[in-house]
Amino acid sequence: MTPEQAQYYLLMLRMGEYDEYDAFLDRLLVEQDPLSPLVLELAFCMSDRRETISVLHNFLLDHPADEAQLMESQLAYVRKKYSEKAMTAAQAADYLYGLIVANDWNEPWFDLWQYCDVCELYEDGFISQTVFEQCFEAALLRGEHLDCWALQEEENKQKSLLDKLRGALQKIVTPL
């Protein structure tokens, strides 16, 4: 197990994503012969998540991971889950925010904020869900950064135009 894999699965466990770790460990137990000391230690604490986290943490003290590579693997995980519709845009943004917090807002993790700030605008009622999802997806999947304020303004104009059209139609059509 590489330090990046250990850190990746440590983060997954801390975020409550157990299934992927369990599948990875099962694969290692089948593929490695003989088992590495780390995999053997992890096998003995499979049912104890806190002990597993402790083992991975202790391994990483002696074998630090490349943080940038690790962040990219976490982004790939979120992209995959979002593309498969296993995560909504809001869930993906919350997951990325959790990674920022789990890594004490340090670089390179703070860079994930670019995916979360538009969610905050949505949650605070400044932009619609449609605009949030459009901006989030563009950033996450295509690396594009859309102007959420311009998109929201355009959406507001369209709503205003529809409201005016409805009002005009109501004046023309008289209730029976």
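Our structure's up above, just so we're on the same page.
I will try to describe carefully the structure that is included in this document. This structure is a prediction, so every number in the text was calculated from the model and none was measured.

**Let's talk about the packing of aromatic side chains**
Here's step 1: One pass over the full model with this rule turns up twelve aromatic pairs.
Here's step 2: Judged by centre distance (5.5 Å) and plane angle (45 degrees), the ring pair of Y77 and Y95 falls under tilted. You can see Y77 sitting in helix α5 (residues 67-83) and its partner Y95 sitting in helix α6 (residues 89-102), a full 18 residues away along the chain. Neither residue differs from the other here; Y77 and Y95 are each classed as buried.
Here's step 3: One aromatic cluster is present, built from ring pairs that chain together Y8, Y9, Y21 and F24.

**Observations regarding the packing of α6 against helix α7 (residues 113-123)**
Here's step 1: At a minimum axis separation of 9 Å, α6 and α7 run at an interaxial angle of 125 degrees. When the axis of α6 is compared with that of α7, the two are oblique. In terms of crossing hand, the pair formed by α6 and α7 is left-handed. Of the residues in α7, those touching α6 at A93, D94, L96, Y97 and I100 are W113, Y115, C116, C119 and E123.
Here's step 2: Each residue belonging to the contact of α6 with α7 can be placed in one class, and the counts come to eight nonpolar, no polar and two charged.

Rules used in this analysis
- Residues numbered from 1 in each chain as written.
- Predicted model: local features only at pLDDT ≥ 70, side-chain atom pairs only at ≥ 80, totals over all residues.
- Heavy atoms only, no water.
- Phe/Tyr/Trp six-rings, centres within 6.5 Å; stacked < 30°, edge-to-face > 60°.
- Helix = DSSP H or I, 4+ residues; strand = E, 2+ residues; numbered from the N terminus.
- Buried < 20%, exposed > 50% of the residue type's maximum accessible area, 1.4 Å probe, protein only.
- Axes fitted to C-alpha atoms, helices over the stretch in contact; angles between N-to-C directions.
- Parallel < 35°, antiparallel > 145°, perpendicular 65-115°, else oblique.
- Left-handed = near helix turned anticlockwise from the far one by under 90°.
- Contact = heavy atoms within 4.5 Å.
- Nonpolar A, V, L, I, M, F, W, Y, C, P; charged D, E, K, R; others polar.

Interpretation in functional terms is not warranted from these geometric data alone.
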